Every structure is written in C-alpha cells, then in structure tokens.
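The chain contents come next:
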Protein chains: 6
Amino acid sequence: MADTESCPTQSMLVISAHAADFVWRAGGAMALYASRGHRVTLVCLSYGERGESARLWRQGLDLEQVKRVRHDEAAAAAAKLGAELHTLDVGDYPIVETPELLDRLVGLYRGVQPSLVLTHTESDPWNTDHALTHHLAMKARIIAQAPGYDPSGEVIGAPPVFLFEPHQTEYCGFQPNVLLDITDVWETKYEAMQCMGGQQHLWEYYTDVGKRRGVQAKRNSGPNLGLVTDARAEAFMRVYPQVADELA
Amino acid sequence: MADTESCPTQSMLVISAHAADFVWRAGGAMALYASRGHRVTLVCLSYGERGESARLWRQGLDLEQVKRVRHDEAAAAAAKLGAELHTLDVGDYPIVETPELLDRLVGLYRGVQPSLVLTHTESDPWNTDHALTHHLAMKARIIAQAPGYDPSGEVIGAPPVFLFEPHQTEYCGFQPNVLLDITDVWETKYEAMQCMGGQQHLWEYYTDVGKRRGVQAKRNSGPNLGLVTDARAEAFMRVYPQVADELA
Amino acid sequence: MADTESCPTQSMLVISAHAADFVWRAGGAMALYASRGHRVTLVCLSYGERGESARLWRQGLDLEQVKRVRHDEAAAAAAKLGAELHTLDVGDYPIVETPELLDRLVGLYRGVQPSLVLTHTESDPWNTDHALTHHLAMKARIIAQAPGYDPSGEVIGAPPVFLFEPHQTEYCGFQPNVLLDITDVWETKYEAMQCMGGQQHLWEYYTDVGKRRGVQAKRNSGPNLGLVTDARAEAFMRVYPQVADELA
Amino acid sequence: MADTESCPTQSMLVISAHAADFVWRAGGAMALYASRGHRVTLVCLSYGERGESARLWRQGLDLEQVKRVRHDEAAAAAAKLGAELHTLDVGDYPIVETPELLDRLVGLYRGVQPSLVLTHTESDPWNTDHALTHHLAMKARIIAQAPGYDPSGEVIGAPPVFLFEPHQTEYCGFQPNVLLDITDVWETKYEAMQCMGGQQHLWEYYTDVGKRRGVQAKRNSGPNLGLVTDARAEAFMRVYPQVADELA
Amino acid sequence: MADTESCPTQSMLVISAHAADFVWRAGGAMALYASRGHRVTLVCLSYGERGESARLWRQGLDLEQVKRVRHDEAAAAAAKLGAELHTLDVGDYPIVETPELLDRLVGLYRGVQPSLVLTHTESDPWNTDHALTHHLAMKARIIAQAPGYDPSGEVIGAPPVFLFEPHQTEYCGFQPNVLLDITDVWETKYEAMQCMGGQQHLWEYYTDVGKRRGVQAKRNSGPNLGLVTDARAEAFMRVYPQVADELA
Amino acid sequence: MADTESCPTQSMLVISAHAADFVWRAGGAMALYASRGHRVTLVCLSYGERGESARLWRQGLDLEQVKRVRHDEAAAAAAKLGAELHTLDVGDYPIVETPELLDRLVGLYRGVQPSLVLTHTESDPWNTDHALTHHLAMKARIIAQAPGYDPSGEVIGAPPVFLFEPHQTEYCGFQPNVLLDITDVWETKYEAMQCMGGQQHLWEYYTDVGKRRGVQAKRNSGPNLGLVTDARAEAFMRVYPQVADELA
C-alpha cells in the first residue's frame with residue numbers, strides 16, 4: 001500500500017499549535033508522505049512567539065521581530081519537508097478559541113479534503129495550547145463533515161486522526177500505538193530540525209527520540225517488515241478505530 | 001498488501017479457550033486469511049464441555065459424549081474456515097494453568113512460527129477461562145522467543161497479537177481499535193457458525209454484531225477504502241504498537 | 001418501587017443535543033415513564049439541522065425548511081413517547097455555550113424540578129455537540145441547586161443523571177451500568193423511531209441495539225426478575241452513586 | 001422492592017478473606033437483609049490468624065489459640081448480624097488457591113443458590129489475600145453456573161456481585177457506586193463490631209466511615225428517598241450491569 | 001528539608017474557587033508553611049455567595065450582605081492560617097472564564113513567584129466551579145512561564161502543583177498520593193474552620209477526614225518518620241512528577 | 001534529608017527478575033544510596049539465562065555456562081554499585097511462583113528490614129517474568145508484616161515501594177512520578193552497565209534514557225533544586241501514597 005503507483009494520491013493535513021511543533025513531532029511523517037508524492041498541508045495556529053521563543057526574547061527582539069524569525073524558520077522547515085504552510089497567527093499563551101478561528105479551520109478541511117490528519121494530544125499538563133489545538137482540530141473536522149455547513153461546499157469524509165508524541169507521554173494519555181518507520185527520510189527531518197536555529201539542544205533530544213522509537217519498532221515487528229538495525233521511527237496515537245482489510 | 005502475489009505467506013495462530021469461541025469471534029479473520037492462501041492454525045484448549053454446552057447436557061449426554069459432539073462441531077467449523085485444528089482437551093470451567101499446558105503452547109508457537117496471533121481479552125468478568133487463555137497465550141509467546149528455551153529449536157519473532165471481541169466489550173477493557181472488513185468471506189463465516197448446531201440463537205446474534213461493526217467500519221473510512229454499504233466486519237484489539245510504513 | 005400506586009409521581013428531564021438523539025437513545029425510558037404516569041420533559045438544544053439531516057439537504061431544502069421538517073419529526077416522536085417538547089433552536093455543528101443558553105437550561109431545571117435527568121456522555125469523538133450538551137446539562141443542574149441563583153425561586157434537589165448509549169460505546173467512556181427493561185414499551189419506541197422518516201436504516205440498527213442489550217439484561221439477571229426471552233433493553237450509565245435501601 | 005411482603009426471600013452470600021473483614025465492610029448490609037427475613041450466608045476463608053491478629057500475638061497466644069479467639073469473635077459477630085457462618089480455615093498471609101478450595105466454594109454457591117454476592121475488591125495493594133478472595137469468589141460463581149460441573153446438581157443463576165469498601169479506596173479501583181442506607185440496623189452493626197474485642201480503634205474508625213458514607217448518601221438523593229439527617233451508609237461497588245425496570 | 005534554617009523561604013500560592021474551600025481542604029498545609037516562616041498567598045475567585053451560602057440566604061440576606069459575611073469569614077480564617085488573602089469577586093455558580101480573570105491570575109503568579117501551588121482537582125461532578133478553577137490555575141501558571149507575556153516582567157519557574165482533596169474522591173479522579181502530616185498545626189486549622197460560623201457540621205466532618213488521612217499516613221510510613229498515634233493529615237494529589245534527590 | 005549526618009542509615013531492597021534488570025533500571029538509585037552509606041541489598045530471582053542471554057547462546061554456551069557468565073556479570077555490576085547480591089537461581093522464562101520462593105523472599109524482607117523497596121511494574125506485555133516478580137515482591141512484603149508468620153521473628157514496617165522504568169512505559173501502566181537526580185553517581189552507573197559485556201547497544205540506549213529523564217527533571221523543578229544542565233535521572237513509580245512533612 002506504500003508504493004505510489006497503486007495508491008491514489010493522499011492529502012495529509014497537519015495542525016500544529018506553534019510554529020515549531022510539527023518539526024519535532026511529525027517531520028518524519030510529513031517528509032515521508034511528501035516523498036511519495038502526496039500532498040502535505042501544514043497549519044500553524046500561532047508562531048509560538050510568546051511561549052516558545054525564549055532565546056529570541058533574550059536577544060532583545062520585540063514581538064513582531066520574534067514572529068518574523070519564527071515565521072521564517074517554520075517556512076524553511078516546511079519547505080524542507082515538502083509541505084505547504086498556512087500560518088494563522090492567532091497568538092499564543094494562550095491560543096484562544098473563537099468562532100472565526102474555528103471557521104478558518106473548517107474552511108481548510110473543506111479545501112484540503114484530507115485523507116489523514118495529524119495534530120496534538122487531547123491533554124498536556126505542560127501546554128494547554130496543545131490541548132486546545134487538539135480540541136479545535138477535532139471539532140473542525142466534525143463540522144466540515146456537516147452537509148448543512150456551507151451547503152454549497154463539499155463535505156469531507158472520515159479521515160483518520162493521528163496524534164503527535166508529546167514531550168512527556170505518560171502524563172498526556174499518549175498511547176503510541178503506531179510506530180512509523182521514517183528511516184528513509186531521516187536526513188530530511190534532521191535538516192528541517194536544523195532550520196530551528198535557536199534550539200540546537202532539541203536536535204539531539206529528538207534524534208534520541210527517533211532512535212528509541214526505532215528500537216521499539218524493530219522489537220515489535222517480525223523479520224519480514226525488514227526494518228534496518230539503526231531504524232528511526234515516529235510514534236503516533238490513533239484516535240479512531242483502524243478500518244483494515246488485513247491484520248498487519 | 002492484501003494481494004497474495006506480493007506478500008509472503010503468513011501464518012495465523014488462533015488460541016481459543018473453548019471449542020466454539022473462535023467461530024463467533026474470529027471466524028471472519030480466519031476465513032479471510034485462509035482464502036488468501038495463508039496458513040491458519042487453530043488451538044482449542046478445551047471443548048467447553050462443562051461450561052458452554054448446556055443444550056447437550058439437557059439432552060442427557062454424558063461428559064465424553066458432550067466432548068465428542070463439541071469436537072465434531074469444532075472440526076466441521078474449522079474445516080469450513082480453512083484452519084488446521086489442534087484440540088488440547090485440558091478441561092474447562094476452570095481451565096487450569098499447568099507447566100505441561102504452557103509447554104505444549106510454546107511448542108505450538110515454535111512449530112507454527114506465527115506471523116500474527118489471535119486470542120481472548122485480558123479480562124472477562126463473565127468468563128475466567130477466557131482471561132486465563134489470554135494469559136497463557138501471551139506467556140507462551142514470550143517463552144517461545146527465548147533462545148535458551150529448547151536451544152536447538154528455532155525462536156519465534158514478535159508476531160502482533162489481536163484480541164477477540166468479547167460478549168460485553170465495555171466490561172472487558174476491549175477497545176475495538178481494528179475493524180476488519182470480512183464482507184467477502186461472510187458467507188463462509190455464516191456456514192461455520194451453522195456447524196454449531198445447538199446455538200442457533202447465536203447465529204443471529206453474531207450476524208447482528210457483524211453488521212454493527214460493518215456500519216462502524218463504513219463510518220470510519222474514507223471513500224477510497226471502498227467498503228460496500230452492507231459491509232460485515234470483525235473488531236479486534238491490538239496489544240502491541242503497530243509498526244507501519246504508512247498511516248493508514 | 002415501580003408500581004405507580006405507591007410511588008410519588010416522578011419528573012424525568014431529557015436533554016438532547018439534536019432533535020432525533022432522544023428517540024434512538026432514550027425513547028424506551030421515556031415511553032416507560034410516561035406509561036406509568038410520570039412527567040417526561042424533553043429539551044432539544046438544536047434540530048440537528050446542519051449536521052444530522054443529510055437526506056434533507058440532498059433533497060434541496062434550505063436551512064429553514066430543514067429545521068421545520070426536523071421539528072415536525074421530533075414533535076411527532078415526542079408525542080408518541082408521551083413527552084412535552086421544548087426546542088431551544090440554538091443551532092448545531094457546533095452548538096455554542098452562551099450565558100443565555102445556560103440560563104434557559106437552569107430555568108428549565110427549576111421549572112421541571114426533575115427527579116431524574118437523561119443526557120449525553122461526557123465525551124464522543126464523533127460528535128462534539130454531544131459532549132458539550134453533557135457539560136451544559138451537568139452545569140445547569142448544579143447552578144439550579146444554588147440558593148443564591150434567583151433566590152426567589154425554588155432550588156432543585158439532587159436528581160440522579162443517566163447517560164445515553166452513544167454510537168460507539170468503547171470510545172466514549174460509556175460503561176453501561178444500568179440495563180433498563182423496555183420490553184413493554186418497545187412498540188411505542190419503534191413507532192417513535194418511525195417518525196424519523198429519512199433514517200429508515202437506523203430503525204433496524206437500533207432494533208438490533210435493543211435486542212442485544214436485552215440479551216445482556218437477560219444474562220445478568222436472576223430468574224425472579226422475570227425477563228422474557230426476547231426482551232428489549234436500553235443501556236444507561238449512571239453518573240453519581242446510587243442511593244438505595246437494597247442491593248438489587 | 002424492599003418490603004418483605006411482596007419480594008421473594010433472597011439469599012445473600014458473603015465471601016470474606018479473614019474472619020473480621022465482613023463486620024467492618026458489610027455488617028450493615030448483612031444485618032439489613034437478615035432483618036428483612038432473607039437468608040445470609042457468610043464464608044470466611046481464614047481466621048486472619050497470622051496477618052490480622054497482632055494484639056493476640058502480643059499477648060503470647062500460639063497459632064491454635066489465636067484461631068480459636070478469632071473464631072469465637074467471628075461467630076459472635078455473625079450471630080449478631082443474623083448470618084450463618086462457614087469457616088474454611090485455609091490459612092492466611094497468604095491465602096493459597098487450590099482446586100479443593102475452589103471446589104468448596106463452588107459447592108457453597110450450589111448449595112446456597114445466592115441471589116446476591118458480596119466480596120472484596122479486585123485489587124488491594126495492602127492485602128493480596130483480599131484480591132485473591134475476589135478472584136476465587138468470581139471464579140467459583142462462574143463454575144457454579146456450568147451445567148457440566150456436577151451435572152446432577154442445580155446450577156446457579158446470575159446473582160449480582162457487590163464489592164466491599166476497602167481501607168484505601170482510591171488505590172483499590174473502588175468506585176462506590178451504591179450507597180446502601182443502613183441507618184435502621186446501625187446499632188446491630190455496632191454491636192457486631194464490638195464482638196471484635198481487640199480492635200476497639202476500628203469501632204470508631206468504621207463509625208466515621210458509616211457517617212461519611214451517610215452524608216454522601218444524603219447529598220446524592222432527592223427529598224423523597226427520605227434519608228434522615230444523621231444517616232449511616234455502607235458503600236459497595238457493583239461488578240456487573242444492573243438490570244432494572246426503573247432508573248432509580 | 002523541613003527545618004527553616006537550611007531551607008530558603010518558600011512561597012505557597014493557593015487558588016480556591018469559593019471563599020471557604022481552602023479552609024477545609026488545605027488549611028493544614030497553609031498553617032504548616034506559615035508556621036515555618038514561608039509566604040502563603042491565598043486567592044479566592046469568588047465568595048461562594050450563590051452556591052455555598054445556603055444558611056445566609058435562609059436568613060434573608062441579600063447578595064451584597066451574603067458576600068460581606070463570606071468575605072469576613074474568609075479573612076478571619078486566612079488570618080488564623082497566616083495567609084495573605086486576595087479576593088477576586090468574579091461571581092460563582094458559575095465562575096466564568098474571561099481574558100481578564102486569566103490575566104489577573106497570571107499577574108498574581110508573576111508577583112508571588114510561587115515555589116508551590118495548591119488548587120482544586122481537574123474534575124468534580126458535584127461542582128463545575130472547582131474544575132474550572134483547576135483549569136484556570138493550570139493555564140495561568142503556564143502563561144506566567146512564557147517569556148513573551150509581558151516581556152518586561154519576570155517569568156516564573158516550574159512550581160509543583162498539588163490538588164486539594166475533593167468531597168467524593170473516587171468520582172473526581174483524585175489519587176491521594178501525598179499525605180501531609182499536619183498534626184502540629186491541627187489546632188490552628190480547627191480554629192480557622194470555626195471562623196466559618198454557619199457550617200458547624202463541616203467542622204466535625206473535616207475533623208474525621210483529618211483523622212482518617214492520619215491513620216492512613218501512619219499505616220504507610222516506617223517507624224523513623226515518627227508519626228504520633230493520633231496524627232492528623234491532609235491528602236493531596238501531585239500533578240507533575242516529583243523531582244527528588246532521594247526516594248522518601 | 002539527603003545528608004547522611006542527620007538521617008538514620010537506610011536499607012534499600014532491590015528485587016530484580018533477571019540478573020541484569022537492576023543495572024539499567026535502578027543502578028543510579030542503588031549507587032546513590034550506597035554512596036551515602038546506606039545498605040543496598042539486591043535479589044535476582046534468576047540469571048535471565050534462557051530469555052535474556054541471546055548473545056551467549058549464539059556463542060554456543062550451554063545452560064550452566066550461560067548462568068555462570070550472567071552470574072559473574074551481575075556480581076561485578078553489584079560490586080560497582082555497592083550492593084550485596086543474592087541470586088536465587090529459580091530459572092526464567094517463565095519464573096514460576098512456588099511457596100518456597102515466596103518464603104525465601106519473606107525471609108529476605110525479615111532479614112533486611114528494608115526502609116524502601118525497588119522492583120518491576122505490575123504489568124509488562126513484553127515480559128511476564130517482570131509482572132510476576134512485582135507480584136511476588138508485593139506479596140512477600142505483606143506477609144513479612146504479619147505477626148503470625150514466624151512469630152519469633154521481627155515483622156517489617158511499611159517500606160515504600162518504587163517501580164523501575166520498563167522498556168515501553170506507556171504499555172506497562174508506568175507513571176514516572178518520581179524523577180531521581182543521579183547525576184553525581186552517573187559514572188558509577190555507567191561502569192556498572194559496562195559489566196554487561198554483551199549488551200553494548202544497551203549502554204547507549206540507557207544513557208539516552210538517563211539524559212531524557214534528566215531533561216524532564218530539569219523542566220519540572222524550580223531553580224532552588226539546583227539541577228545542572230546536563231543532569232541524569234532515573235524515573236520511578238511510587239506504589240503507595242507518600243507520607244511527608246512538606247510538599248516538595
């Protein structure tokens with residue numbers, strides 16, 4: 001099912017609270033899908049300008065300058081990964097739910113017609129923006145399915161939703177029930193991480209995460225899946241039941 | 001990945017507490033894999049002679065007679081489904097864990113070299129035999145992986161384990177995270193159910209279960225999976241993380 | 001406790017997100033209580049006009065027309081079940097929490113003085129309107145107990161709350177800890193379901209649900225409860241501890 | 001349903017790990033049922049001679065003496081409560097599962113034909129004997145339902161099971177979903193507690209528990225249940241779904 | 001670590017939904033910290049004037065009068081406990097989240113620079129104000145950490161958060177994983193409780209809670225912790241992992 | 001509380017299923033306590049000879065040879081860490097519960113009089129030996145508290161129990177609620193890991209684990225705890241409530 005000849009082109013929608021979340025948490029999945037010719041659309045609700053840009057504030061930048069730097073980093077990373085970037089710039093810490101924001105997300109769902117969706121976990125006691133983003137992504141998906149919402153438009157189907165690995169999994173209700181082999185696109189992910197200039201310590205941290213999930217993937221797969229010894233993986237949590245024609 | 005040309009032959013191992021459990025709970029999966037040319041091995045720990053043969057006892061049969069009828073029904077159903085039947089005849093209500101039983105199961109794992117395993121849920125407040133069977137199936141799988149257990153033999157890999165749908169899912173910790181499309185083999189499953197002569201009320205009950213899971217599968221899949229309107233499905237719960245090269 | 005002679009008249013309050021939810025999920029309980037001479041009050045926050053009226057949109061109706069059809073169906077079903085209908089018409093997909101809506105619900109609690117409340121589950125990943133309705137029903141109940149809210153009015157007591165069975169129980173935290181025997185009013189429920197003209201497929205689906213819960217009720221009750229073989233039941237989840245003078 | 005005129009006589013089976021557990025945890029329920037003319041059968045697997053008789057050991061008694069004192073205390077308490085006492089004397093710390101013990105319990109189920117069962121919680125990190133007793137009580141109940149176990153005997157129905165309140169509820173998975181009003185028999189329970197001569201500190205402790213659960217019962221019931229202000233209650237956790245003909 | 005000589009002065013921030021919650025639930029912890037020379041800051045979002053002042057309404061007071069009485073009681077109790085009181089007076093039943101309220105809380109975090117935080121549990125089906133207060137306390141803490149929120153101010157660190165014991169622990173997801181010995185300040189707590197003139201029944205109720213948690217503390221500690229026999233304790237639930245240099 | 005002057009000498013008991021588990025999972029805690037002059041007793045139920053010595057089997061060693069190598073590695077590592085080693089040599093894959101094994105463990109508890117206990121998690125779907133070891137460690141601790149078990153001996157108190165970090169935390173119910181700073185003894189732990197000659201890949205793996213838990217510890221502690229930037233930590237899960245005289 002992974003070879004691009006036989007599969008229809010897919011459309012991946014990634015909904016990220018802050019400008020850099022997607023790189024660490026889903027950069028491999030994005031690069032993998034882009035490398036197979038699928039469409040990858042990335043939505044960043046905010047730049048993480050207030051809460052996740054400590055280095056830039058320490059350099060004395062003001063709010064607009066911080067946002068600009070963060071925008072450029074996100075754009076560079078998205079380009080590396082092969083994704084089309086949408087920045088909503090709604091502000092962070094906190095991200096606030098508004099009818100307008102919800103409508104914009106519904107519109108993106110309708111336009112993108114995703115065949116799969118990636119976003120944050122339902123709860124994260126270190127980051128309430130992540131939890132709200134989850135909530136918005138789930139709600140917008142459901143509204144986009146409603147035939148009476150903008151009845152002239154085209155409703156979406158029932159794309160599966162996969163949740164990113166959060167920083168401290170055991171406190172976020174994160175059950176990593178899918179380990180995605182991203183060995184082939186690891187270099188691309190690493191280059192995208194390097195676009196985040198001020199967070200060099202995270203390059204190493206998420207390399208370790210990629211290795212650890214790779215070891216777990218290796219331990220949980222039979223010989224015929226053929227994972228290499230030094231595999232890299234990303235972990236995701238499936239929200240809805242998987243519909244399948246085999247037990248793989 | 002479902003077409004037999006490209007895939008290596010798989011080996012499915014089904015571990016069932018009583019002689020009939022497999023029919024209602026996994027008959028579709030078994031028929032599906034057999035129909036694709038895979039090997040399907042079925043192990044029944046007991047005949048369910050004491051606890052799940054009320055009709056036969058009411059007819060005045062004695063223990064040996066009950067077991068014989070149950071054996072013949074199980075054999076007929078296994079044949080319909082395309083499975084190789086192993087009956088261990090360890091007695092039921094309760095099934096008792098012994099070193100010998102565990103060894104026999106380890107030996108079956110080693111011989112069958114399964115690429116996937118199906119068995120009962122970890123708990124079932126209506127049926128402690130089911131819970132024990134789960135425990136034995138899990139433990140035997142782990143021992144069969146140990147290089148120092150019968151060192152001259154061949155260890156097994158890390159086959160994924162899928163749990164059957166129990167009678168009352170919400171009380172058994174059953175999260176139906178895989179809905180398997182069994183529409184194509186539904187007739188075969190139904191014929192296998194009919195081998196269970198004295199339980200006609202269950203034919204209808206599990207037909208309803210198959211329909212309901214089919215409706216849920218339809219609701220949770222995009223248009224390109226192409227489920228038919230009147231699909232039939234079986235629900236399973238995955239024990240270990242799925243290792244995958246796509247997010248399907 | 002069920003015979004109407006000895007019991008005081010009860011007051012059931014049903015809070016439903018969309019116009020048809022109550023029929024499938026609580027129609028039996030409503031008919032049962034009405035048949036015993038109790039008061040049954042039904043509140044529909046919306047008509048489900050945008051999200052649950054696909055057939056009507058496909059027929060080319062506009063928003064007002066869809067709402068009118070849905071209103072009429074709900075009114076007919078409520079009449080069949082013996083319930084007094086209140087439609088709040090706040091819109092759906094999404095239902096939005098406002099101080100006004102909350103106040104209206106508090107006012108209904110104060111006016112109805114319910115002895116029991118029925119509403120949706122706390123979470124439902126397929127339907128965020130259901131989760132919000134749960135939240136509003138719980139919050140309004142608590143506010144209606146506050147002596148300083150409209151101090152001239154009469155506070156309510158502590159009516160137990162029972163949650164409806166959602167579509168996919170295992171994903172909604174739904175523990176069906178009460179199985180209500182609705183055999184005697186099944187025909188009434190079925191007639192109410194038939195008022196939902198465009199959803200004939202659900203008539204059969206929820207007939208199957210009623211049968212399955214009936215089988216489970218039969219399996220979990222001793223002989224003296226006297227359930228008939230082909231019983232019908234509805235499942236509910238109790239929110240608060242049951243206060244009882246026996247262990248039944 | 002609580003008045004003895006209209007109800008058939010019930011049969012309560014209480015399965016207690018150690019000789020005194022039943023007094024603190026279920027003495028009110030036992031006295032209540034006995035006072036209504038129901039049959040109450042009490043099974044104590046052990047005397048708690050090794051693990052729960054510190055005072056007696058400090059007095060210099062030997063094992064047989066400890067057991068005799070504990071037996072006499074249990075017998076006196078059971079008599080106060082109106083229960084028929086069976087002491088199995090299998091030893092404690094640890095209670096060990098054996099086929100013989102299981103058979104004795106199955107035999108008791110068959111003989112007593114319980115209409116309801118009370119026992120310990122599924123887990124208790126302070127007391128593994130309690131958890132094992134739960135497991136045995138559940139397993140024996142299931143075996144006693146099996147028509148092929150001693151086919152000449154009479155199988156039991158499906159009596160509901162209620163779990164005792166453990167010492168530290170939040171660590172034992174104890175959800176107190178039934179609060180039983182034991183106000184009318186409080187004095188009897190208190191007298192039974194006084195039979196436990198060496199544990200005077202527990203008389204006060206469990207009086208406080210009874211008051212606290214009484215306050216909670218009062219807070220969770222409407223005015224028509226008519227609990228008195230200084231009510232006493234015992235908390236239980238229901239294992240199986242309640243089958244009911246009303247939502248009370 | 002508890003002796004004031006060696007420890008730096010700490011700053012405890014207590015965030016309470018209504019004016020009296022803090023007394024029953026955290027009065028001991030507050031008195032203990034104040035007695036050791038630490039700073040204790042108390043924030044009451046509302047006076048509990050509508051929902052938790054039944055006695056005052058029955059006396060015929062109007063809203064302003066109720067609030068004044070409640071203010072005076074809270075101020076007296078805070079003084080007894082050694083805490084600095086901030087009353088935000090945002091109204092109750094319901095407390096409503098607004099950007100202004102959130103900002104005030106962030107400002108308090110920034111000003112107080114807490115080294116530990118105490119607040120309500122994440123959920124409480126009897127009191128949605130408690131759950132909202134939890135949510136606000138958690139969110140404000142995270143925003144106060146953001147360098148870009150009021151960049152001229154001083155961000156806070158990562159103070160641990162401890163949740164109060166709610167009224168019915170088992171229904172609020174409350175795992176009492178810290179039992180704090182408050183024996184030395186029990187008299188102070190009791191005097192603070194007595195400031196709540198109209199709730200004399202709660203004085204006894206929470207004395208029992210203090211005793212019960214004291215018994216549990218005694219049972220879970222080795223001899224060297226040296227708890228006295230009639231210890232008093234308060235239970236808390238830790239939100240984040242404990243960072244420690246020993247396993248105590 | 002960590003300085004050895006003021007604290008009484010403690011006694012740590014580590015119960016490990018296989019000979020090497022303790023090194024990776026608790027080596028830091030052991031070295032830390034030994035470095036402070038506390039007593040550290042290590043019990044290895046088996047050598048992990050059948051299930052966790054793949055390399056040695058591949059080298060053609062027989063069972064006794066494998067056990068000898070594993071013994072020597074464990075002894076070397078224990079010596080590095082400052083622990084007294086007890087090897088019970090009961091066999092592995094599976095470890096089997098017997099009355100004798102349980103008695104030996106109770107005897108060790110009685111002799112060691114631990115002030116804290118470390119062992120495996122309650123469940124581990126990759127390793128049923130770990131789960132059984134947990135069960136045995138918990139049960140033996142409770143029996144060792146019983147005054148009537150070997151009444152001439154000295155009962156133990158109520159030492160807290162801390163669970164090791166398992167390989168895949170999210171599938172083992174592992175909530176890492178204590179992060180222990182082991183920076184000061186990291187080199188010792190690393191040297192102990194190096195005693196495990198054939199598992200060089202795990203040296204790196206568990207170095208990464210130590211770094212990641214160190215980062216989390218840093219993120220969850222205020223400035224006054226003074227963790228260094230490149231801290232190393234081990235994660236544990238506390239079984240019983242912490243009894244404390246402060247909220248740290």
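Check the entry above for the structure.
Residues numbered from 1 in each chain as written. Chains lettered and ligands numbered in written order. Predicted model: local features only at pLDDT ≥ 70, side-chain atom pairs only at ≥ 80, totals over all residues. Heavy atoms only, no water.

A. Up close: unusual backbone geometry. Cis geometry is found at the peptide bond from B:Tyr93 to B:Pro94, where omega equals 5°. Within the secondary structure, B:Pro94 sits in the loop between strand 3 (84-87) and helix 4 (99-112). Positioned with a positive phi, C:Tyr93 is a non-glycine residue whose angle comes to about 45°. Assignment of secondary structure puts C:Tyr93 in the loop between strand 3 (84-87) and helix 4 (99-112). Its relative accessible area of 6% is what places C:Tyr93 among the buried residues. (Helix = DSSP H or I, 4+ residues; strand = E, 2+ residues; numbered from the N terminus. Buried < 20%, exposed > 50% of the residue type's maximum accessible area, 1.4 Å probe, protein only.)

B. Broad picture of the relation of the copies chain A and chain B. Mapping chain A onto chain B calls for a rotation angle of 180° and an axial translation of 0.0 Å; the resulting RMSD is 0.0 Å. Such a combination of turn and shift is consistent with a two-fold rotation axis. (Least-squares fit on C-alpha atoms with pLDDT ≥ 70 in both.)

C. Up close: the pairing of strand 1 (residues 11-16) of chain E. Residues and elements named next belong to chain E. For strand 1, the buried fraction is high: 6 of the 6 residues fall into the buried class. Covered by surrounding structure in strand 1 are Ser 11, Leu 13 and Ile 15 together with Met 12, Val 14 and Ser 16, the residues of both alternating faces. Two elements, strand 1 and strand 2 (residues 39-44), share 6 bridges in a ladder whose sense is parallel. Note on strand 2: the bridge partner recorded for Ser 16 is Cys 44. As for the winding sense of the linkage, the β-α-β connection from strand 1 through helix 1 (residues 21-35) to strand 2 is right-handed. Here strand 1 runs beside strand 4 (residues 116-119); their pairing, made up of 3 bridges, is parallel. By the bridge assignment for strand 4, Val 14 is matched with Leu 118. (Pairing = 2+ DSSP bridges. Right-handed = clockwise from strand over helix to strand, strands pointing away.)

D. Region of interest: the pairing of strand 2 (residues 39-44) of chain F. Residues and elements named next belong to chain F. Counted residue by residue, strand 2 has 5 buried out of 6 residues, so it is predominantly covered. Looking at chain direction, strand 2 and strand 3 (residues 84-87) are connected through 4 bridges and run parallel. Across the sheet, Leu 42 pairs through a bridge with Leu 85, a residue of strand 3.

E. Just the sheet that holds strand 8 (residues 242-244) of chain C, in detail. Sheet architecture is open: 8 strands sit in the order 8(C)-6(D)-7(D)-5(D)-4(D)-1(D)-2(D)-3(D), paired in mixed fashion. Edge strands, defined here as strands with exactly one partner in the open sheet, are strand 8 of chain C together with strand 3 (84-87) of chain D. Taking each pair of neighbouring strands and ignoring which way they run, the sheet shows an average axis angle of 25°. (Axes fitted to C-alpha atoms, helices over the stretch in contact; angles between N-to-C directions.)

F. Region of interest: the sheet that holds strand 1 (residues 11-16) of chain C. One open sheet accounts for 8 strands, arranged 3(C)-2(C)-1(C)-4(C)-5(C)-7(C)-6(C)-8(D); its pairing is mixed. Whereas interior strands pair on both sides, the edge strands pair on one side only; in this sheet they are strand 3 of chain C together with strand 8 (242-244) of chain D. Across the sheet, the axes of successive neighbouring strands diverge by a mean angle of 25°, strand direction being ignored. Relative to strand 7 (residues 233-238) of chain C, strand 5 (residues 161-163) of chain C runs antiparallel, the two being bridged by 2 bridges. Bridging from a neighbouring strand, C:Phe162 pairs with C:Arg238 of strand 7 of chain C.

G. Main features of the packing of helix 4 of chain C against helix 5 (residues 128-144) of chain C. Residues and elements named next belong to chain C. Two elements in contact, helix 4 and helix 5, have axes whose closest approach is 8 Å; the angle formed by their N-to-C orientations is 60°. By the angle between their axes, helix 4 is oblique relative to helix 5. You can see that helix 4 and helix 5 cross each other, and the crossing is right-handed. In this structure, helix 4 contributes Leu 101, Leu 102, Leu 105, Val 106, Tyr 109 and Arg 110 to the contact, and helix 5 contributes Leu 136, Ala 137, Lys 139, Ala 140, Arg 141, Ile 143 and Ala 144. (Parallel < 35°, antiparallel > 145°, perpendicular 65-115°, else oblique. Left-handed = near helix turned anticlockwise from the far one by under 90°. Contact = heavy atoms within 4.5 Å.)

H. The arrangement of the interface of chain A and chain B in detail. Contact residues are listed per partner, giving 37 residues for chain A and 37 residues for chain B. Buried area between chain A and chain B, summed over both chains or domains, comes out near 3400 Å², and the portion from carbon and sulfur atoms is 57%. Linking chain A with chain B are 0 salt bridges. Scanning the region where chain A abuts chain B turns up 16 residue pairs in polar contact (both at pLDDT 80 or more). Residues of the side of chain A that touches chain B, tallied by class, amount to 24 nonpolar, 7 polar and 6 charged. Relative to strand 8 (residues 242-244) of chain B, strand 6 (residues 178-181) of chain A runs parallel, the two being bridged by 3 bridges. Among the inter-strand pairings, A:Val178 is bridged to a residue of strand 8 of chain B, identified as B:Gln242. (Buried area = accessible area lost by both parts, 1.4 Å probe. Salt bridge = Lys/Arg side-chain N within 4 Å of Asp/Glu carboxyl O. Polar contact = N/O pair within 3.5 Å; in protein donor to acceptor, adjacent residues only side chain to side chain. Nonpolar A, V, L, I, M, F, W, Y, C, P; charged D, E, K, R; others polar.)

I. Representation of the relation of the copies chain F and chain E. Once chain F is rotated about the relating axis by 180° and shifted along it by 0.0 Å, it coincides with chain E to within an RMSD of 0.0 Å. The share of interface residues of chain F whose copies in chain E are also at the interface is 100%, consistent with both copies meeting through the same surface.

J. Structural context of the interface of chain F and chain E. With 37 residues of chain F at the contact, the number on the chain E side is 37 residues. For the chain F and chain E pair, buried surface summed over both sides reaches about 3400 Å², with 57% attributable to carbon and sulfur atoms. Linking chain F with chain E are 0 salt bridges. The tally of links from chain F across to chain E stands at 16 residue pairs in polar contact (both at pLDDT 80 or more). Ranked by the residues each element gives to the side of chain F that touches chain E, the list is headed by strand 6 (residues 178-181) of chain F, at 4 residues. Tallied by class, the residues present in the side of chain F that touches chain E amount to 24 nonpolar, 7 polar and 6 charged.

The analysis is restricted to geometry; functional conclusions fall outside its scope.
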